[in-house]
Amino acid sequence: MVTEEGVVAIDAPPTLGENMLAAIEDVTDQPVTHVIYSHWHADHIGAASVFGPDVEIVAHRITKELLERFPDPKRPLPTRTFDDEPVLEVGGVSLQLSYKGENHCPGNIFIYAPQQKVLTAVDIVSPGSVTFMHCDASQNISGWYEAQSQILEYDFDYFVGGHHMHYGTYEQVKLCVEYFADVLEGATAAVERFSRSDALADIVTGTGWDRIFVGTENWISSMTNYTTRHVLEKETSDGRLWWERLAGATTQTKYHAYTVLESIRLERPRPDYRLRGENPAVFLT
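Residues numbered from 1 in each chain as written. Predicted model: local features only at pLDDT ≥ 70, side-chain atom pairs only at ≥ 80, totals over all residues. Heavy atoms only, no water.

A.B. asks: Kindly report on the overall build of the protein, identifying the contributing residues and their values.
C.D. replies: When its secondary structure is counted, the protein shows 9 helices and 9 strands. Out of the 285 residues in the protein, the part that is buried amounts to 46%. Partitioning the contacts of the protein with sequence separation of at least 6, the portion at a separation of at least 24 is 64%. Just so you have it, the protein exposes about 14,400 Å², and 51% of that area is on carbon and sulfur atoms. The protein carries 22 positive and 41 negative side-chain charges, and their two centres are separated by 9 Å. (Helix = DSSP H or I, 4+ residues; strand = E, 2+ residues; numbered from the N terminus. Buried < 20%, exposed > 50% of the residue type's maximum accessible area, 1.4 Å probe, protein only. Contact = heavy atoms within 4.5 Å. Areas by Shrake-Rupley, 256 points an atom, 1.4 Å probe, with all protein chains shown as cover. Lys, Arg positive; Asp, Glu negative; His and termini not counted. Charge placed at Lys NZ, Arg CZ, Asp CG, Glu CD.)

Written out as structure tokens, the structure reads:
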């Protein structure tokens with residue numbers, strides 16, 4: 001963002017490195033005065049040192065704490081931190097920063113330019129594709145799904161997701177959200193079918209108690225395969241299949257399926273639990 005006082009940069013991926021500087025120099029002679037860290041991961045800010053020692057680095061407090069805990073000279077420590085929703089004013093330009101809780105990782109923030117109607121939210125959705133495997137290696141999948149809904153609450157014309165060098169429109173973001181809703185739908189159905197205690201007994205113990213981890217793999221694979229098939233064979237909102245609409249659907253869906261299944265098991269409310277007695281009622285494991 002070019003302002004009257006200098007340039008505000010968001011992140012500095014090492015895959016771009018000094019080409020970030022070259023791109024900025026193509027459009028302005030102004031120096032970079034501020035750098036905003038979306039979050040602490042090296043694939044997004046691992047070249048932040050290229051901006052030199054004099055820039056002001058803005059990040060969420062948690063991001064600074066993580067960088068202090070795991071120091072990296074290529075990722076200089078933030079010089080200004082926040083906890084809630086400040087507005088960064090630089091040279092007549094306003095950027096609204098917001099931390100809505102852990103999603104992709106702790107400290108991952110939303111950055112919104114209201115005048116330009118541009119929203120940056122990194123590692124939540126990647127317009128044009130289904131994101132990298134395992135929901136972009138996200139840590140809190142329930143929070144990650146919540147962040148998708150939070151993105152759609154903004155009034156934006158352009159969305160920057162941090163990967164694939166492809167900005168998105170509001171409609172393209174909605175498409176990604178629709179895809180992951182189908183993943184959750186399929187995973188929920190898979191848990192209800194394969195994680196019933198009566199079904200699980202046959203899957204897990206059918207291979208023999210001495211091969212219990214083989215049975216466990218069969219159980220997880222059954223749910224993952226069911227979810228993947230549900231997503232890839234489902235007719236989408238415009239009548240096409242997902243592989244016809246989003247890049248990576250055929251290769252990445254099985255990884256997303258596994259991750260969302262695990263989030264259902266670990267993060268979401270359990271409808272019941274095992275009751276005492278020799279022949280307890282069926283429950284979801």
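A.B. asks: Before we move on, can you summarise the packing of aromatic side chains with the specific residues and values?
C.D. replies: Tallying each qualifying case throughout the model produces 12 aromatic pairs. Ring geometry for Phe 156 and Phe 159: centres 5.9 Å apart, planes at 45°, overall tilted. This pair shows no difference in class: Phe 156 is buried, exactly as Phe 159 is. Plain terms: the ring middles of Tyr 179 and Trp 242 are 5.5 Å apart, the flat faces sit at 85° to each other, and that makes the pair edge-to-face. Separated by 63 residues along the polypeptide, Tyr 179 in helix 6 (residues 170-194) and Trp 242 in the loop between helix 8 (212-233) and helix 9 (249-267) bring together distant segments of the chain. Taken as a pair, Tyr 179 and Trp 242 share a single burial class, namely buried. Chaining the aromatic ring pairs together yields one cluster made of Trp 144, Tyr 145, Tyr 179, Phe 180 and Trp 242. The ring of Phe 110 has Lys 100 sitting right over it, with the charged end atom 5.3 Å from the ring centre. A cation over an aromatic ring shows up here: Arg 268 above the ring of Tyr 145, its NZ or CZ 5.9 Å from the ring centre. (Phe/Tyr/Trp six-rings, centres within 6.5 Å; stacked < 30°, edge-to-face > 60°. Lys NZ or Arg CZ within 6 Å of the ring centre and 35° of its normal.)

A.B. asks: Quick one: what's the story with the environment of Thr 224, residue by residue and with numbers?
C.D. replies: Relative to the helices and strands, Thr 224 resides in helix 8. Counting along the chain gives 31 residues from Thr 224 to Tyr 255, while the straight-line C-alpha distance between them is 8.2 Å. Not counting residues up to four positions away in its chain, the partners in contact with Thr 224 are Lys 254, Ala 257, Tyr 258 and Leu 261.

A.B. asks: Lay out the side chain of Gln 252 in plain terms, naming residues and giving numbers.
C.D. replies: Looking at the element boundaries, Gln 252 is found in helix 9. Engagement of the side chain of Gln 252 in a polar contact is seen with the backbone nitrogen of Met 133, the distance being 2.9 Å. Within the structure, Gln 252 has its side chain in polar contact with the side chain of Thr 251 (distance 3.1 Å). Those residues in contact with Gln 252 that lie beyond four places of it in its chain are Val 130, Thr 131, Phe 132 and Met 133. (Polar contact = N/O pair within 3.5 Å; in protein donor to acceptor, adjacent residues only side chain to side chain.)

A.B. asks: Give a description of a nonpolar patch on the surface that names residues and reports values.
C.D. replies: A cluster of nonpolar side chains, Tyr 158, Val 160 and Tyr 167, forms an exposed patch at the surface whose accessible area comes to about 300 Å². As for its position among the elements, Val 160 is in strand 9 (residues 158-160). (Patch = residues over 30% accessible without salt bridge, like charges linked within 9 Å, V, L, I, M, F, W, Y side chains within 5 Å. Salt bridge = Lys/Arg side-chain N within 4 Å of Asp/Glu carboxyl O.)

A.B. asks: Kindly report on unusual backbone geometry, identifying the contributing residues and their values.
C.D. replies: Even without glycine at this site, His 134 takes up a positive phi of about 55°. The topology assignment puts His 134 in helix 4 (residues 133-137). Overall, His 134 belongs to the partly exposed group, its relative accessible area being 28%.

A.B. asks: Run through helix 3 (residues 61-69), naming residues and quoting values.
C.D. replies: All of the buried residues along helix 3 are Ile 62, Thr 63, Leu 66 and Leu 67. Angularly, the buried residues of helix 3 cover 135° about the axis, an arc narrow enough to put them on a single face. The secondary structure elements touched by the buried residues of helix 3 are helix 2 (42-45) and strand 3 (56-60). (Arc of directions from axis to C-beta.)

A.B. asks: For the pattern of salt bridges, give the residues involved together with the corresponding values.
C.D. replies: With the rule as written, the count across this model stands at 15 salt bridges. For Glu 56, the salt bridge identified is with Arg 80, shortest N-O distance 3.0 Å. Here Arg 80 lies in strand 4 (residues 80-82) and Glu 56 lies in strand 3, a separation of 24 residues in the sequence. A relative accessible area of 24% places Glu 56 in the partly exposed class. A relative accessible area of 35% means that Arg 80 is categorised as partly exposed. Notably, a salt bridge pairs Arg 265 with Glu 262, separated by 2.8 Å at the nearest N-O pair. Here Arg 265 pairs with Glu 262, and both are found in helix 9, just 3 residues apart, close to one helical turn. On the accessibility criterion, Arg 265 (22% relative accessible area) is partly exposed. Glu 262 sits in the buried class, given a relative accessible area of 17%.

So yeah, pure geometry; function would need other evidence.
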